[in-house]
There are 2 protein chains.
Amino acid sequence: MAVEVVYRSSRDLERLFMDKAEADRYDKMLELAEALATVLHKAVPSLTEQQTEDVGIYMARHRELFAKAFKSSPEALSELPTDDSAT
Amino acid sequence: MAVEVVYRSSRDLERLFMDKAEADRYDKMLELAEALATVLHKAVPSLTEQQTEDVGIYMARHRELFAKAFKSSPEALSELPTDDSAT
């Protein structure tokens, strides 16, 4: 038996990482997902909390492609994996 | 009476512009909105067509802020106008 270090994001206490960089990436993804969910909930009030969360997480997981799409290239979104839904 | 030139996006035949640059911007906004609606519909199947359209248009209208948020700064979204919903 031994004591070991694990890492987690304060935004999701259940998910533990052995690697700090990986925990950092996960935390950053959740930060963006939460920010997106908040603004979308205000902008489109008919969305349920689950829907804004799903949309936020999905977009945050693919943030590089969405960054490209918003900056200048909507066609970047065609590179999104097709078998990958948010739920 | 006189003949005059007006411009429109082929994505929305109803909206006419006197200024070509403005019509271009509108067309680019709709292009991004449609691309977003398409991928979100696949990613979160519970969204209605109206919801994906609303989300797409809202994000496309504020594309510079969302570009910043996705690139590196989720806090950029706090600059979104608060009185501005998609509907």
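Here the structure is shown first, and the text comes after it.
One structure accompanies this document, and this report is about it. (Residues numbered from 1 in each chain as written. Chains lettered and ligands numbered in written order. Predicted model: local features only at pLDDT ≥ 70, side-chain atom pairs only at ≥ 80, totals over all residues. Heavy atoms only, no water.)

Counting 52 residues, the largest nonpolar core has Met-59, Phe-66 and Phe-70 of chain A together with Met-59, Phe-66 and Phe-70 of chain B as its most contacted members. Excluding residues that lie within four positions of it along the chain, Phe-66 of chain A makes contacts with Tyr-58, Met-59, Leu-77 and Leu-80 of chain A together with Leu-36, Val-39 and Phe-70 of chain B. (Core = buried A, V, L, I, M, F, W, Y, C linked by side-chain atoms within 4.5 Å. Buried < 20%, exposed > 50% of the residue type's maximum accessible area, 1.4 Å probe, protein only. Contact = heavy atoms within 4.5 Å.)

On to the relation of the copies chain B and chain A, then. Structural alignment of chain B on chain A gives an RMSD of 0.0 Å, achieved by rotating through 180° and translating 0.0 Å along the axis. Read as a symmetry element, the transformation amounts to a two-fold axis. When each C-alpha of chain B is compared by its distance to the rotation axis, Ala-67 of chain B comes out closest, at 2.5 Å. By residue overlap, the copies meet face to face through one surface: 100% of the interface positions of chain B are interface positions in chain A. (Least-squares fit on C-alpha atoms with pLDDT ≥ 70 in both.)

A word on the interface of chain B and chain A. Listed per partner, the contact involves 31 residues of chain B and 31 residues of chain A. Roughly 2600 Å² of surface becomes buried between chain B and chain A when both sides are summed, with 76% attributable to carbon and sulfur atoms. The tally of links from chain B across to chain A stands at zero salt bridges. For the side of chain B that touches chain A, the secondary structure elements donating two or more residues are helix H1 (20-43), helix H2 (49-61) and helix H3 (63-71) of chain B. Among the elements that make up the side of chain B that touches chain A, the one with the highest residue count is H1 of chain B (eight residues). The residue inventory of the side of chain B that touches chain A, partitioned by class, reads 20 nonpolar, six polar and five charged. (Buried area = accessible area lost by both parts, 1.4 Å probe. Salt bridge = Lys/Arg side-chain N within 4 Å of Asp/Glu carboxyl O. Helix = DSSP H or I, 4+ residues; strand = E, 2+ residues; numbered from the N terminus. Nonpolar A, V, L, I, M, F, W, Y, C, P; charged D, E, K, R; others polar.)

Side chains that differ in charge, positive against negative, can pair when their charged atoms come close. All names here are of chain B. If you walk through the whole model with that rule in mind, you get six salt bridges over all chains. Residue Glu-34 pairs with Arg-11 through a salt bridge whose shortest N-O separation is 3.3 Å. Of this pair, Glu-34 sits in helix H1 while Arg-11 sits in the loop between strand S1 (7-9) and strand S2 (12-17), and the two are 23 residues apart along the sequence. Note on Glu-34: relative accessible area 40%, which makes it partly exposed.

Bringing the side chain of Arg-63 of chain A into the picture now. Position of Arg-63 of chain A relative to the elements: it lies in helix H3 (residues 63-71). Buried charge Arg-63 of chain A goes without a salt bridge, the closest partner of opposite sign being Glu-64 of chain A at 5.6 Å. At 3.2 Å, the side chain of Arg-63 of chain A and the backbone oxygen of Ala-69 of chain B are in polar contact. Other than its neighbours up to four places away in sequence, Arg-63 of chain A contacts Lys-28 and Leu-32 of chain A together with Ala-69, Phe-70, Lys-71, Ser-72, Ser-73 and Pro-74 of chain B. (Lys, Arg positive; Asp, Glu negative; His and termini not counted. Polar contact = N/O pair within 3.5 Å; in protein donor to acceptor, adjacent residues only side chain to side chain.)

Geometry only, nothing functional implied.
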